Amino acid sequence: QWGSVSFGQTITDPIVVAGPLSNFDKQPAGVRVRNVTATGFEVQAQEWDSQDGVHGAEQLSYVAVARGRHTLSDGKVVLAESTSVTGGGFQTKTFSQPFTTTPIIIATVVTQNEASAVAVQMQSVTTTDFQIRLREQEANAQSHVAETVHYLAWEPGSGTVNGLRYEVGSHGVGDASTPQWFGAAFAGTPVFPIFL
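All of these numbers come straight from a predicted model, not from anything done at the bench. (Residues numbered from 1 in each chain as written. Predicted model: local features only at pLDDT ≥ 70, side-chain atom pairs only at ≥ 80, totals over all residues. Heavy atoms only, no water.)

Direction of pairing for strand E10 (residues 119-123) relative to strand E11 (residues 129-135): antiparallel, over a ladder of five bridges. What sits directly across from Met-122, in E11, is Ile-132. What sits between E10 and E11 in their antiparallel hairpin is a turn of five residues, with Ser-124 showing a positive phi close to 55°. (Pairing = 2+ DSSP bridges. Helix = DSSP H or I, 4+ residues; strand = E, 2+ residues; numbered from the N terminus.)

Here we take up the nonpolar core. The biggest cluster of nonpolar side chains holds 14 residues, and the ones touching the most others in it are Phe-95, Tyr-151 and Ala-153. Elements represented by at least two residues in this core include exactly strand E7 (77-85), strand E9 (104-109), E11 and strand E12 (147-154). Ranked by size, the runner-up nonpolar core spans eleven residues in total, among them Ile-15, Val-65, Val-78 and Leu-152. (Core = buried A, V, L, I, M, F, W, Y, C linked by side-chain atoms within 4.5 Å. Buried < 20%, exposed > 50% of the residue type's maximum accessible area, 1.4 Å probe, protein only.)

What follows covers the sheet that holds E10. Ordered by their spatial adjacency, three strands build an open sheet running E8-E11-E10, and the pairing between neighbours is antiparallel. Strand pairing shows two members of the sheet lacking a second neighbour, strand E8 (91-94) and E10, which therefore form its edges. Neighbour-to-neighbour, the strand axes of the sheet open up by a mean angle of 35°, direction not taken into account. Sheet topology note: the E8/E11 ladder contains four bridges and is antiparallel. If you follow Thr-92 over to E11, its bridge partner there is Gln-131. (Axes fitted to C-alpha atoms, helices over the stretch in contact; angles between N-to-C directions.)

Attention now goes to the packing of aromatic side chains. If you walk through the whole model with that rule in mind, you get seven aromatic pairs. With centroids separated by 5.1 Å and ring planes inclined at 65°, the aromatic side chains of Phe-130 and Tyr-151 adopt a geometry described as edge-to-face. Of this pair, Phe-130 sits in strand E11 while Tyr-151 sits in strand E12, and the two are 21 residues apart along the sequence. Judged by relative accessible area, Phe-130 falls into the buried class, the value being 0%. (Phe/Tyr/Trp six-rings, centres within 6.5 Å; stacked < 30°, edge-to-face > 60°.)

Now for the pattern of salt bridges. Pairing between side chains of opposite charge can happen when the charged atoms of each approach one another. Counting across every chain of the model gives four salt bridges. For Arg-32, the salt bridge is made with Glu-147, and the minimal N-O distance between the two is 3.0 Å. Residue Arg-32 is found in strand E3 (residues 29-34), and its partner Glu-147 is found in strand E12; the two are separated by 115 residues along the sequence. Summarising the burial analysis for this pair, Arg-32 and Glu-147 share the class buried. The shortest N-O distance in the salt bridge between Arg-67 and Glu-81 comes to 2.6 Å. (Salt bridge = Lys/Arg side-chain N within 4 Å of Asp/Glu carboxyl O.)

Take it as geometry only, folks, not as evidence of what the structure does.
Here's what the structure looks like:
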């Protein structure tokens, strides 16, 4: 089912990235977002098409940032943007301005132009561009129609934004759970960090 999320404030032209889901319901599912407005959005745990479509409650994190290129006080650059992506082969997307350091990218599908469950895959991220595609479950034809994808491209590192500490990095994963440690412990409220 679709749930509503309110920002608690107005964000002009927000870019929303959300996920990953917690693991309370063991059936495979991803995050789907729609109806992004200046005050909130709708979100759903969307199971792969081969499942029954009924999914238990999950938790997820999200970040909403005004569209554009932002330079933080420590000089790190964050790009909040959207693009149109289809299923099938990887498509190259070029940043409006190059980064100094190769950014970490997190992305979320924010439309539902086709009902089939879909995930975002990326590769070949550089300081100037990246490759992206939509991927359905393995049994499907991989011909998903164009969807809007919101993404954050954030230079790796750690720092503070408006009193909130952040850490941006990447970690290789497979199908087995593996621990990943933060560079430094997060403290304060909330004690547990928001994770995307």
